[in-house]
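Report on the structure
Chain by chain, the residues:
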Amino acid sequence: SSSTGGSSDAGKEKEGLPAVGATIYKFDDNFMSYVRRAMEDTAKGKVNLMLNDSQNDQAKQIEQIDTLIAKGAKSLAINLVDPKAAQTVVDKAKTKNIPVIFFNKEPDESVLKGYDKAYYVGTTSSESGVIQGELIAKAWEANKDKWDKNGDGKIQYVLLKGEPGHPDAEARTKFAVDTIKEKGIQVEELALDTAMWDATKATEKMDAWISKYNDTIEFVIANNDGMALGAIASLEKAGYFSGDKFMPVVGVDAIPEALEMIEKDKMVGTVLNDAKNQGKATIELATNAANGKDVLEGTEWKLDDKKAVRVPYVEITKENIQVGKDAYK
Amino acid sequence: MNNKAKKGSNIIKWLFDNVIYVFLVLLVIGIIIASPDFLSMTNFINILSQSSSRIIIALGIAGILILGGTDLSAGRQVGLAAVISASLLQAGDYAYKMYPNLPELPLFVPILIAMVITGLFGTLNGWIVSKFHVPPFIATLGMMIGVYGITSIYFDRPPYGAQPIGGLSEAFTTFAQRGIKIGQYEFPYLIFYAVIVSILIWIIWNKTQLGKNMYAIGGNPEAAKVSGVNVAKNMIIIYMIAGLLYGFAGTLEAGRVGSATNNTGNMYELDAIAAAVVGGVSLSGGIGTVAGVITGVLIFQIINYGLAFLGVSPYIQFIVKGAIIVVAVAFDMRKHAKKK
Amino acid sequence: MNNKAKKGSNIIKWLFDNVIYVFLVLLVIGIIIASPDFLSMTNFINILSQSSSRIIIALGIAGILILGGTDLSAGRQVGLAAVISASLLQAGDYAYKMYPNLPELPLFVPILIAMVITGLFGTLNGWIVSKFHVPPFIATLGMMIGVYGITSIYFDRPPYGAQPIGGLSEAFTTFAQRGIKIGQYEFPYLIFYAVIVSILIWIIWNKTQLGKNMYAIGGNPEAAKVSGVNVAKNMIIIYMIAGLLYGFAGTLEAGRVGSATNNTGNMYELDAIAAAVVGGVSLSGGIGTVAGVITGVLIFQIINYGLAFLGVSPYIQFIVKGAIIVVAVAFDMRKHAKKK
Amino acid sequence: MSNILEMINITKRFPGVVALDRVSLKVKAGSVHALMGENGAGKSTLMKCLFGIYSMDEGKIIFDGKEVSFANSKQALENGVSMVHQELNQVRQRNVMDNIWLGRYPKKGIFIDEKKMYEDTAAIFKSLDINIDPRRKVSSLSVSEMQMVEIAKAVSYDSKVIVMDEPTSSLTEKEVAHLFKIIRTLKSKNVAIIYISHKMEEILKISDEVTIMRDGQYIATKSAKDLTTDEIIKLMVGRDLSQRFPPKVNQPGDVILKVKNLTAEMQPSFKDINFELRKGEILGIAGLVGSKRTEVVEALFGLRAIQSGTIELHGKEVINHSPQQAIKNGFALVTEERRSTGIFPGLSISFNSIIANLPQYRKGIFLSESQVYDDTKWVIDSMKVKTPSQKTAIGTLSGGNQQKVIIGRWLLTKPDVLLLDEPTRGIDVGAKFEIYQLINQLASEGKGIIMISSEMPELLGVTDRILVMSNGRAAGIVETKTTSQEEIMRLAALY
Ligand SMILES: Nc1ncnc2c1ncn2[C@@H]1O[C@H](COP(=O)(O)OP(=O)(O)OP(=O)(O)O)[C@@H](O)[C@H]1O
Ligand SMILES: Nc1ncnc2c1ncn2[C@@H]1O[C@H](COP(=O)(O)OP(=O)(O)OP(=O)(O)O)[C@@H](O)[C@H]1O
Ligand SMILES: [Mg+2]
Ligand SMILES: [Mg+2]
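Residues numbered from 1 in each chain as written. Chains lettered and ligands numbered in written order. Predicted model: local features only at pLDDT ≥ 70, side-chain atom pairs only at ≥ 80, totals over all residues. Heavy atoms only, no water.

Quick look at the overall build of chain A now. On a plain count of helices and strands, chain A comes out with twelve helices and twelve strands. Overall size of chain A, expressed as C-alpha extent along the three principal axes, is 65 × 40 × 35 Å. Within chain A, buried positions represent 66% of all 329 residues. Contacts in chain A between residues far apart in sequence, at least 24 positions, make up 70% of those at least 6 positions apart. Distance between charge centroids for chain A: 3 Å, based on 44 positive and 54 negative side chains. (Helix = DSSP H or I, 4+ residues; strand = E, 2+ residues; numbered from the N terminus. Buried < 20%, exposed > 50% of the residue type's maximum accessible area, 1.4 Å probe, protein only. Contact = heavy atoms within 4.5 Å. Lys, Arg positive; Asp, Glu negative; His and termini not counted. Charge placed at Lys NZ, Arg CZ, Asp CG, Glu CD.)

Note on the identical chains: chain B maps onto chain C by a rotation of 180° and an axial translation of 0.0 Å, with an RMSD of 0.2 Å. Seen this way, the second copy is the image of the first under a two-fold rotation axis. Considering only C-alpha atoms, the residue of chain B closest to the rotation axis is Ser284 of chain B, which sits at 4.8 Å. Here 100% of the interface residues in chain B have copies in chain C that are interface residues too; the copies meet face to matching face. (Least-squares fit on C-alpha atoms with pLDDT ≥ 70 in both.)

Another aspect to go through is the sheet that holds strand S4 (residues 100-103) of chain A. All names here are of chain A. Pairing is parallel in the open sheet, where six strands are placed in the order S2-S1-S3-S4-S5-S11. At either margin of the open sheet sits one strand with a lone partner, and together these are strand S2 (48-53) and strand S11 (308-310). In this sheet, adjacent strand axes meet at a mean angle of 15° when their direction is disregarded. Judged from the six bridges that link them, strand S1 (residues 19-24) and S2 form a sheet pairing that is parallel. Within S2, the position partnered with Thr23 by the bridge is Asn52. Lying over the sheet, helix H2 (residues 30-43) contacts S1, S2, strand S3 (75-78) and S4, oriented at roughly 165° with respect to S2. Where helix H3 (residues 58-70) meets the sheet, its contacts fall on S1, S2 and S3, and the angle it forms with S1 comes to roughly 170°. (Pairing = 2+ DSSP bridges. Axes fitted to C-alpha atoms, helices over the stretch in contact; angles between N-to-C directions.)

Residue and element names in this part refer to chain A. Under the defined criterion, the tally for this structure stands at 55 salt bridges over all chains. The salt bridge involving Glu315 is made with Lys138; its shortest N-O contact spans 2.8 Å. With a gap of 177 residues between them, Glu315 in strand S12 (residues 313-316) and Lys138 in helix H6 (residues 127-147) connect regions that are remote in the sequence. We classify Glu315 as buried; its relative accessible area is 19%. Salt-bridge contacts for Glu300 lead to Lys280; the nearest nitrogen and oxygen are separated by 2.9 Å. In this pair, Glu300 is assigned in the loop between helix H11 (275-290) and S11 and Lys280 in helix H11, connecting sequence segments 20 residues apart. With relative accessibility at 52%, the residue Glu300 sits in the exposed group. Look at Lys280 and you get partly exposed, because its relative accessible area is 28%. (Salt bridge = Lys/Arg side-chain N within 4 Å of Asp/Glu carboxyl O.)

What follows is about the interface of chain B and chain C. The partner chain C presents 38 residues to the 38 residues of chain B that form the contact. For the pair chain B and chain C, the two sides together bury roughly 3400 Å², of which 89% comes from carbon and sulfur. When the buried surface of chain B facing chain C is broken down by residue, Phe137, Ile138 and Tyr315 of chain B rank first, second and third, together holding 18% of it. At the junction of chain B and chain C, the tally comes to zero salt bridges. Applying the counting criterion to the chain B and chain C interface returns two residue pairs in polar contact (both at pLDDT 80 or more). Elements that contribute at least two residues to the side of chain B that touches chain C include exactly helix H5 (108-132), helix H6 (136-155), helix H12 (268-278) and helix H14 (314-337) of chain B. No other element matches the 13 residues that H6 of chain B contributes to the side of chain B that touches chain C. Looking at the side of chain B that touches chain C residue by residue, the classes come out as 30 nonpolar, six polar and two charged. (Buried area = accessible area lost by both parts, 1.4 Å probe. Polar contact = N/O pair within 3.5 Å; in protein donor to acceptor, adjacent residues only side chain to side chain. Nonpolar A, V, L, I, M, F, W, Y, C, P; charged D, E, K, R; others polar.)

Turning our attention to the confidence of the model for chain D. All names here are of chain D. The predicted model of chain D averages 87 in pLDDT, with 98% of residues at 70 or higher. Between the elements of chain D, mean pLDDT differs from a low of 80, seen in helix H18 (residues 485-492), to a high of 94, seen in strand S10 (residues 192-196). Taken over the whole predicted complex, pTM reads 0.87, whereas the ipTM for its chain interfaces reads 0.84. (pLDDT = per-residue confidence, 0-100.)

Right, let's talk about the coordination of the magnesium ion (ligand 3) for a bit. Residue and element names in this part refer to chain A. For the magnesium ion (ligand 3), every protein donor is listed as Asp148 (OD), Asn150 (OD1), Asp152 (OD), Lys154 (O), Gln156 (OE1), Glu218 (OE) and Glu218 (OE), and the spread of their distances is 2.2 to 2.6 Å. Each donor residue of the magnesium ion (ligand 3) lies on the same chain, and together they follow the pattern D-x1-N-x1-D-x1-K-x1-Q-x61-E. Accessibility expressed as a relative area gives 9% for Asp148, which makes it buried. A residue is classified by how much of its surface remains accessible, and Lys154, at 28% relative accessible area, is partly exposed. (Donors = N, O, S within 2.8 Å, 3.2 Å for Na, K, Ca; no water.)

A few words on the UniProt feature "domain: ABC transporter" (unreviewed entry) in chain D. When the UniProt feature table is mapped onto this chain, "domain: ABC transporter" (unreviewed entry) is found at residues 5-240 and 250-494 of chain D. Along residues 250-494 of chain D one finds 36% helix and 26% strand; the C-alpha atoms at either end are 31 Å apart. (UniProt positions renumbered as here; feature names shortened; annotations may be inferred.)

Right, let's get into helix H5 (residues 108-132) of chain C. All names here are of chain C. In this model, H5 (25 residues) spans 35 Å end to end at C-alpha, consistent with the 36 Å of a helix rising 1.5 Å per residue. Taken together, the buried positions of H5 are Pro110, Ile111, Ala114, Thr118, Gly119, Phe121, Gly122, Asn125, Gly126, Ile128, Val129 and Ser130. In the stretch just after H5, His133 is the one whose phi turns positive, near 55°. (Expected span 1.5 Å × (residues − 1).)

In structure tokens:
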């Protein structure tokens, strides 16, 4: 299957190609699985890509980096589990003078500054939250008359958070709500609880909230689409999305199921992270680095002042649903 | 002793013997005091329906615990069944189907397929444990890791990669999400599935040779062996039944949530084992009842649901939940500790 | 029997009794055949240093297993210690300090604080298990959930909220990441910490009254009580020692990784228990050696490292790892099963 | 009479031990065939080979005219061989009838026929004159009741051969008589019984033939009526053992232990127990099973809470809330249930020897290896423990050898008062004699010894005085020299 990497399965053909060591923070993360695929596609015939699954454990990732260095990686493409561990990664690479391309999880600026061969490819970590917040604000303004059930002008929302302490969960929670407020809309948090990224847990939390708050909930914000889907399952059970009973739900990731929900008007929108370009850019930089060239040589990418290649998030609603669908072509 | 005092001490004895049911009642009363609107039919139905698939899983694992074994692979088997059944039960017109050309299958076919597969893994567990004398903790830990690998490979595939498998067919979601309207309330079918499974398991445990052998093997495997019980065979069957139950629960999970990933079911075994133990199943084998297991699951689910309902901060929820588990079992242990 | 045959059967017996060490050697040979460049000093050092904190955790848990208990809270305690020590050991000039005004403390102070705290949680585990007769599985499951809550509360605080704690001081990262140069190779200090801890634990297990009592309690708690062993006290001390070891390992994890989150250490207990069992520790108590535990951890780490080194696809790695665990223990069990 | 069973040249090896070395056994139908030998002679192992629990290395078994080799217990049971196991093999969490029918439940369709189970159990119990409710949980039975249930179960298979491996180890005289009645009925139905016991009187009373084994080897088979106790003993131990009890040499001195009005906290239990124990005295405790003898010594040793009453040692009141305190105060207790409260089965002989005495070996925080070695050696040598090495796991020794290690363990603590609860249960004559000698020697060294026993000859042969308990109360204290078996029985039935 194309989802699996490593050097052994196609070892012969890769011999002679420069080795690039890569770690993915969690192989089965639905977004990262697309990035991974883009990386593999881009790497074909250019480098020997050694992929590792860090299983959401930073210690494991550090160990994998040791292994990759021991196996003679010429450059590293690292999707950190925990962004603050970047310094340790750089320290390891530095002693062997190996370039590091961080991607998707952004290290502190000072870390990139401290090593001339460290770069970043990805988004700004807060951006998905910001875009989700903007999406909510826009949708709210357009449908205020219907959605503001108690007519107080405030959004009474419930929020399904990912795993506490997970950088994405924290950033999305904070910036989504902050952004709504910045847009001048008042909000009231009815409930916030962690569903650990998990659809089942989200369903169950939502069951309790519907029972408790009944029709006073005006918005469901989820840190990812998986939990949004869980919430929708619960809402459907409670009679929403049939007749004129409606609840706006938003997520992040633009997974196919979410796109389907948006088309069926069961979800207001989601946020697409551009997997293809992230994967592509990561490998292109890493390939150049492995070949000892300037990282940008022969690519379409540009570095900003933080030594980062930015690949923006895209807001997905029913209007531009095709953009989301194209991501899966 | 006069009659009154005797009656009093009888009541105390009864309370001790049934401390876990008492605990359940106290727990509910406590939550109601904290938030009187907890006392509603909706909450009642929610808790029951959320407990349903957990009861099915816990009954599977409890049989293994009564045997004196354990099963760490339960959650991963649930996940495997969820992914398999969801992938085979996507709506015909769903755009992102795993098998774009697969026609809509009758409901029971994918459920059966999922159950047969987990049943085989259960059998494999039992075979390893009984024939090679690998401690169940290790055998099922290996299985837990291995099954996760298998699920992931199945799940993370073209055309769409590691995406939650959604777009389930109407028939499937009806099966797992809808219910029977009684008065103004809808009682989810889930509850009835759990009731049916509980009755079946009750019959197996109490009325069949397999059940009696299960208790005997757990209570004293040597005694069972010298009495002519085919220990290995009976163990394998109990593990197989557990596998079948995980499979059924897995399909329910997929249907209930409307989607499945390779992480569905992760760590369910810990909750299930804990619920069984809270419900009086002995980890050293030989002891346990269906009613106890169900009570254990309900206690857990009431804690989960109640804390979320009360709006307790997530972190505090962890602490409270941890404490309640320990306290519940500590009280339950008092009845055994009376001896000295 | 002639001498030669006797010698042959002696060798076979020795192989059987030491099957797990044999397995370790075979495993290494297998990997080397698959990829000859596995045989390098760098890999050797990497595996040893990656095993170091795991050995410390596994020795802590193994003591509890020998007592006849178990500890599911180990991983979460490691996480708590990691978060505490990291938060107290951030570099003075780091911009996102948890305690902006905290001066750089001498290394041993935060390590000690972390160890004292996990030592207390260990003691609490032991106290609940020994005084209230709560089955260790449940007591430590409650603790696992509760400690995670506590860690999260500590972790998710102003000024920066739930952010990974990084920017560790030079002294701390040196302590955990650097080593002693011998020839062209640097042997990480980590390895030496693990060696020192192993020696200390070996002494406790084999040369002290506490150690003998530990084996006695695990071997037959009733008989231990009759023999004048203060069961509760000794149990509590063993749980406390485990807590201290988790604390030390947690600080090493934080230092080694260069950061810590509330998720650090998650599920380490499963690996540690499995390693101990693979290394010959009996889950029913009373049996286990320090050398065995270390071997168990090394086998696990060689599997992990070796599979990654061979470039086996991650999902396949799960399946292979699961299978190896089961096979290793199945072989080990043959020595007990020979009896019949 | 023809042989129903012939076991010919059976050999069985365990790692490091040849447990059976070409042993033969021929049993006639309708007879009681006693199998005798010292602890570890291989009696249980031979029976386990027959019953399919162990596979033999060499030899053949001819049963009912056909050569057989049962692969497991199920086959043995189905072919007409059943067994009362030496170690009680019961599922304590389940009820009596579940245990009796385990492995062959009566069924109605796919369901268990509980009613039939109950009725059949009741019928069997009635025919054997056993008075136990089939629905009681086994864990609530007394040890002797459990043993009766085991016997009833073995009988209920309607086998042609029933093996009874020390069936009377926890039975009172009355129950033994009951068992013999059952055995005679079985004999009359042409059932053969293989009877293993260390109690000489029983053997001569019930058996027709006796096969004697020593060190895993066959010694002789003789007709019981041609044998005397002394001859059997001679064949068993391979030398003359002219007396069963060593001469008494101890001289009781001053009172060391005074027990006043001792009453247990958890009732029903013992009440209002008074007695004195003198230096160098051996005080026996007699009584029926369930008369709470065990609980008295457990209370003295701090294992059971007392509600009222005092214990005085050397004239000073002592309080034993825990075994640690009791040991510190100079008490030692050899418990009656060796398996559950005595041995650490997976651990070495050395470990099992020294575990109660650890504080003595402390040098700073360490334990002195050489002292540990010496003391273990002392236990093995002076108790004559048959073992390949100090490191051997105690679980692999025969029951008698395990018991010797346990007694040795307590002697290492140099107690003033030694409490022995059925110390010779399941121990062969040779070893018994050695233990009696030891008890005597300890007494003459000035220790006070309390010994519970259900074997009347033993009590009469070893003790100085006997406290007789009945239903939790002290029915009287008698002088051994002047009392009789009848007087003791009368007192035991007083309350
Ligand atoms: N499973 C085993 N593994 C190793 N050695 C064993 C095992 N079972 C028995 N033995 C050894 O075999 C020998 C015979 O033991 P067995 O139990 O048959 O003796 P026995 O005659 O029944 O003694 P007792 O009267 O004490 O019951 C002993 O030396 C014992 O240590
Ligand atoms: N309530 C109880 N729960 C558990 N065990 C008990 C209980 N009562 C008695 N026992 C145990 O049962 C056994 C028999 O005790 P008891 O003192 O009644 O009989 P006994 O007169 O000592 O008879 P024997 O000396 O033959 O054992 C002892 O081991 C005792 O510890
Ligand atoms: Mg409003
Ligand atoms: Mg025997």
